[in-house]
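Architecture and fold: a report
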Amino acid sequence: MRHFLLCIFYLYSCFSFSQDKTQTSYMEVNYFKGNIALHNNDILHLINGHPEGIILAWNKKTYGFNDWEQRFNYPDYGVSFIYQNLKNEVLGNNAALYAHYNFYFFKRNLMFRIGQGLGYNANPYDKEKNFKNIAFGTHLLSSTYMMLNYKKERIFHHFGLQAGLSFIHYSNANIKAPNASINSITFNLGIIYNLDDEELEFQNTLGERDKVFSEPLKYNLVFRTGINESDIVASGQFPFYIFSGYVDKRINRKSALQLGTDVFFSNFLKELIFYKSVSFPEEDVRGDEDYKRVGVFAGHELFINKTSLETQVGYYVYYPYDFEGRTYFRIGLKRYFSKKWFGALTLKSHLAKAEAVEFGLGVRL
């Protein structure tokens, strides 16, 4: 048995050292403290302290052995965990797990991180026990965070430091009311520990060949769905369906421009229209208004390996019932399973007011 284990160890060692190393990794621990931003006067009663917490992260460094790494100045990617004390018994504490990217500027001294993940709130709204918490209507939340840090690695052996600003957002995207959400703007200070003894050499092999790129117009069809609720607490969660068609044009290897249309079947509006018609006669809602909407939009897609960041701004051209204004926004991630098929996770909003988290499946022809 001992000889067998030695053989396995020997084969593993040979295989490991025979491979060319293309990445290194590092850990970091950050402490942060700051303020809850007053983005909505309804949450004023919830702001009575300075939230603080920790950010733990594991990062994988890239060196340009894949083309996309060189195009984006050798970013890092990894996973991170945030625990935040919101300094308010009504709000409780939040914990969240994220996937993130780090992008570098100014000779890699300035780092910008964007992370997207799922959060958990320990004390959400309850009509009897916690009716003041209008920020979170559910335990499970969507969370986004961003960091802008000055960073210095390997100041002393494996250790380095970083410091800067962090923005942390929690919301359930109107899956269930209430959902006023919380945004924290904080200062962070962190310690970096490199897990590898030495850095690798950055590759620079793209040259002029990367500038030569051409692709014809592509036609996209997307189906999106999910559940949401109006701002009326306990009005009910309803499914929605969105059918989108758009054309995109790659202008270079990183970016594509989009132009298209959305058709919205938002069933929560059916209930909201009926509720308004019987409860608020002064608002002049008849109750037979059409709940469907049609919008046109322009957008941009940023391609990062097999993942892309999608941003769109739209305008309702068919708008029989006035709900949060005629302009809407969409931002989110797409993941390509092949050259044609992709999945999407996006947030639709009207300025700072979220309407829904959308789960989508699409084809690019």
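To be clear, the structure that these remarks concern was listed above.
Basis of the calculations
- Residues numbered from 1 in each chain as written.
- Predicted model: local features only at pLDDT ≥ 70, side-chain atom pairs only at ≥ 80, totals over all residues.
- Heavy atoms only, no water.
- Pairing = 2+ DSSP bridges.
- Helix = DSSP H or I, 4+ residues; strand = E, 2+ residues; numbered from the N terminus.
- Axes fitted to C-alpha atoms, helices over the stretch in contact; angles between N-to-C directions.
- Core = buried A, V, L, I, M, F, W, Y, C linked by side-chain atoms within 4.5 Å.
- Buried < 20%, exposed > 50% of the residue type's maximum accessible area, 1.4 Å probe, protein only.

1. What about the sheet that holds strand β9 (residues 218-228)?
- Spatially, the eight strands close up into a barrel ordered β9-β10-β11-β12-β13-β14-β15-β16, and their pairing is antiparallel. Averaged over all adjacent pairs, the angle separating strand axes in this sheet is 25°, with direction ignored.
- Relative to strand β14 (residues 327-336), strand β13 (residues 307-318) runs antiparallel, the two being bridged by nine bridges. Following the sheet pairing, Q312 is matched in β14 by R330.

2. Here's the deal with the nonpolar core
- Core analysis: the biggest nonpolar cluster contains 20 residues, and I82, L91, F136, Y170 and I182 have the highest contact counts within it.
- Looking at this core, the element that brings in the most residues is strand β6 (residues 140-156), giving three residues.
- One finds I242, Y246, A256 and A356 within the second-largest nonpolar core, a separate group that totals 14 residues.

3. Thoughts on unusual backbone geometry
- Cis geometry is adopted by the peptide bond preceding P178, which originates at A177 and carries an omega value of 0°.
- Considering the arrangement of structural elements, one finds P178 in the loop between β7 (159-171) and β8 (182-194).
- The phi dihedral of H157 falls on the positive side, at around 55°, and the residue is not glycine.
- Mapped onto the secondary structure, H157 falls in the loop between β6 and β7.
- You can call H157 exposed: its relative accessible area is 59%.
- Located in the positive-phi region is N174, a residue other than glycine, with phi close to 60°.
- Take N174: it is sitting in the loop between β7 and β8.

Limitation: the analysis is restricted to geometry and does not speak to function.
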